[in-house]
Amino acid sequence: MKQEKILVIGASGQIGVELTLALRKIYGAANVIASDLREQNELLIGNGPFVSLDVMNKEMLHVQVIRQNVTQIYLLAAILSATGEKNPHLAWNLNMQSLLNVLDIAKEEKLHKVYWPSSIAVFGPTSPKQNCPQQTIIEPTTVYGISKYAGEFWCNYFYNKYNVDIRSLRYPGLISYKSAPGGGTTDYAVEIFHEALAEKTYECFLDKDTYLPMMYMPDAIRATIELMEAPAEKICVRTSYNLAGMSFSPEEIGNEVKKHVPGFTMTYKPDYRQQIANSWPQSIDDSVAQKDWGWKPEYDLEKMTEDMFTNL
Ligand code: NAD
Ligand code: SER
């Protein structure tokens, strides 16, 4: 087992549950502390430590880091795109202040590493729609995207100025079966599976031809761990790496679902989330991540759909 003590903040969320489980396999259950404002997810109960923690309370966070001899932090607490548009100030405050609290403590306590995810939401309507590159025009139009882009530059600043080894990925929309998504524009691609099994029909809040970058959770967890385990000299991007898995539209995933649920039907009723989706690229170029630390996704739409139905 590797000698690290890891604190996962936001461990009860969609990514946090699976990332905590994966980290506990590598570092040992006792060395990965799950924490959240919410209560512990049932999948984490009994297999490792949990502390109730508000990342906005910097003093309490600092006390926990010292008391538990924490050497690495994975910061996952955030307000996502759709919820963020309903309460922009709350999203800005949480997404920015949580990161600044963690970066300050990482600097002061000389933590070995910090992980903080960004998102494809940094891109805006003026970014290229297809194969959006690592470096391009970036003019986000959602508060979530603005907070992620600003956060990327705080990460870069703390790396350059204080040598904090912080690493980051721009996740696409994530699809998973273990834990529910938390208020994003890409959540439809998880809801569709549950509704297909329960009702054999799904009303999608995005239009049928809205292509977005997506990724299956096992790929996202593996990417996170591969990035964090890569030698520091391989990490050339200290803002955040583009990361790609697949790209599909609601109609395409609907057709894939139909292969597993005969008689499944889908209708479309776009709401305010359509505008958010329209502002994002349809596909992502992650060749820099491939080159720097060897990233390669495993799941395409067909393989993911099969695995989702096997597990749900
Ligand atoms: P989520 O909403 O499912 O989970 C976030 C967790 O943070 C929740 O359990 C919530 O209770 C917790 N939290 C909120 N405020 C907190 C606070 N003050 N103190 C402690 N915990 C708090 O989100 P997620 O989908 O797991 O996303 C995790 C990270 O990955 C976020 O930074 C998000 O922006 C990013 N991301 C997610 C996706 C995706 O598709 N899920 C895509 C791109 C980026
Ligand atoms: N899945 C996320 C969202 O829709 C992208 O960061 O908000």
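Enquirer: Mind showing me how you'd approach the overall build of the protein here?
Expert: On a plain count of helices and strands, the protein comes out with 11 helices and 14 strands. Rg of the C-alpha trace for the protein: 19 Å, near the compact-globule value of 20 Å for 312 residues, within the 12% margin. Burial statistics for the protein: of 312 residues in total, 55% are counted as buried. Of the roughly 13300 Å² of accessible surface on the protein, 50% is carried by carbon and sulfur atoms. Both charge centroids of the protein, one from 29 positive and one from 37 negative side chains, sit 5 Å from each other.

Enquirer: Please explain the site of ligand 1 as it appears in this structure.
Expert: Not every one of the 27 residues close to ligand 1 is listed here, only the nearest: Gln 14, Asp 36, Asp 54, Tyr 144 and Lys 148. Separating an oxygen atom of ligand 1 from a backbone N or O atom of Gln 14 is a distance of 2.8 Å. Contacts to ligand 1 include Ile 15, whose backbone N or O atom sits 2.9 Å from an oxygen atom. Relative to its free-state accessible area of 830 Å², ligand 1 is covered by the protein chains to the extent of 93%. Tallied by class, residues from the shell around ligand 1 come to 15 nonpolar, eight polar and four charged.

Enquirer: Which parts of the structure should I look at to understand the packing of aromatic side chains?
Expert: Here the distance between the centres and the angle between the planes together describe a pair of aromatic rings. With the rule as written, the count across this model stands at 13 aromatic pairs. Taken together, a centroid distance of 5.1 Å and an interplanar angle of 90° make the contact between Tyr 149 and Phe 153 edge-to-face. Taken as a pair, Tyr 149 and Phe 153 lie in helix α5 (residues 143–162) at a separation of four residues, close to a single helical turn. Of the residues examined, Phe 153 reaches a relative accessible area of 43% and is grouped as partly exposed. Taken together, a centroid distance of 5.7 Å and an interplanar angle of 85° make the contact between Trp 154 and Tyr 157 edge-to-face. Of this pair, Trp 154 and Tyr 157 are both found in helix α5, three residues apart, which corresponds to roughly one turn of the helix.

Enquirer: How do you make sense of the site of ligand 2 when you look at a structure like this?
Expert: Neighbouring residues of ligand 2: Leu 80, Ser 81, Ser 119, Tyr 144, Gly 173, Gly 184, Thr 185, Thr 186 and Trp 280. Ser 119 has a polar side-chain atom sitting 2.6 Å from an oxygen atom of ligand 2. Take Tyr 144: an N or O atom from its side chain is 2.8 Å from an oxygen atom of ligand 2. Protein contact buries 93% of the 230 Å² of open area that ligand 2 shows by itself. Partitioning the shell around ligand 2 into residue classes produces three nonpolar, six polar and no charged.

Enquirer: Would you mind showing me how to read the pattern of salt bridges here?
Expert: When the charged atoms of two side chains lie near each other, side chains of opposite charge can form a pair. Under the defined criterion, the tally for this structure stands at 10 salt bridges. A salt bridge links Arg 222 to Glu 226; the nearest nitrogen and oxygen atoms lie 3.0 Å apart. Of this pair, Arg 222 and Glu 226 both sit in helix α7 (residues 217–229), four residues apart, which is roughly one turn of that helix. Look at the salt bridges and you will find they share partners, linking Asp 219, Arg 222, Glu 226 and Glu 298 into a network.

Enquirer: Can you help me understand the side chain of Thr 185 in this one?
Expert: Secondary-structure assignment places Thr 185 in the loop between β9 (173–175) and α6 (188–199). Within the local environment of Thr 185, its side chain forms a polar contact with the side chain of Ser 81, the two groups lying 2.8 Å apart. Excluding anything up to four places from it in sequence, Thr 185 contacts Ser 81, Ala 82, Phe 205, Leu 206, Arg 273, Ile 276, Ala 277 and Trp 280.

Enquirer: I'm lost on the sheet that holds strand β6 (residues 118–119) in this one. Help?
Expert: Strands belonging to one sheet form pairs held by backbone hydrogen bonds; the direction of such a pair is parallel or antiparallel. As summarised here, the arrangement of the three strands in space is β6-β8-β12, forming an open sheet in which the pairing is parallel. One side of each edge strand has no neighbouring strand; the edge strands of this open sheet are β6 and β12 (241–242).

Enquirer: Got a minute to help me understand the sheet that holds strand β2 (residues 32–36) in this structure?
Expert: One open sheet holds the six strands; their spatial order is β3-β2-β1-β4-β5-β7, and the pairing between them is parallel. The two strands at the open ends of the sheet, each matched to only one other strand, are β3 (50–52) and β7 (166–167). As defined by bridge partners, strand β4 (residues 72–75) adjoins strand β5 (residues 113–115) across three bridges and the pair is classed as parallel. When the sheet's bridge partners are listed, Tyr 74 is paired in β5 with Tyr 115.

Enquirer: Help me understand the pairing of strand β11 (residues 212–216) in this model?
Expert: On a regular strand, one side chain projects to one face of the sheet and the next to the other, so that they alternate. In terms of residue burial, β11 counts as a mostly covered element, since five of its five residues are buried. Both faces of β11 are covered, namely the face carrying Leu 212, Met 214 and Tyr 216 and the face carrying Pro 213 and Met 215. In the sheet, β9 pairs with β11 via three bridges, with the strands oriented parallel. Within β11, the position partnered with Ile 175 by the bridge is Tyr 216.

Enquirer: Just to check I follow, could you spell out the packing of α6 against helix α8 (residues 250–260) for this structure?
Expert: Two numbers describe a pair of packed helices, the interaxial angle and the distance between the axes. Contact geometry for α6 and α8: axes closest at 11 Å, N-to-C directions at 30°. It follows from the interaxial angle that α6 and α8 lie roughly parallel. Two packed elements cross with a definite hand, and for α6 against α8 that hand is right-handed. Touching Tyr 188, Ala 189, Ile 192, Phe 193 and Ala 196 of α6 are Pro 250, Ile 253, Gly 254 and Val 257, all from α8.

The rules behind these values
- Residues numbered from 1 in each chain as written.
- Chains lettered and ligands numbered in written order.
- Predicted model: local features only at pLDDT ≥ 70, side-chain atom pairs only at ≥ 80, totals over all residues.
- Heavy atoms only, no water.
- Helix = DSSP H or I, 4+ residues; strand = E, 2+ residues; numbered from the N terminus.
- Rg over C-alpha atoms; globule rule 2.2 N^0.38 Å.
- Buried < 20%, exposed > 50% of the residue type's maximum accessible area, 1.4 Å probe, protein only.
- Areas by Shrake-Rupley, 256 points an atom, 1.4 Å probe, with all protein chains shown as cover.
- Lys, Arg positive; Asp, Glu negative; His and termini not counted.
- Charge placed at Lys NZ, Arg CZ, Asp CG, Glu CD.
- Near = heavy atom within 4 Å.
- Polar contact = N/O pair within 3.5 Å; in protein donor to acceptor, adjacent residues only side chain to side chain.
- Nonpolar A, V, L, I, M, F, W, Y, C, P; charged D, E, K, R; others polar.
- Phe/Tyr/Trp six-rings, centres within 6.5 Å; stacked < 30°, edge-to-face > 60°.
- Salt bridge = Lys/Arg side-chain N within 4 Å of Asp/Glu carboxyl O.
- Contact = heavy atoms within 4.5 Å.
- Pairing = 2+ DSSP bridges.
- Axes fitted to C-alpha atoms, helices over the stretch in contact; angles between N-to-C directions.
- Parallel < 35°, antiparallel > 145°, perpendicular 65-115°, else oblique.
- Left-handed = near helix turned anticlockwise from the far one by under 90°.

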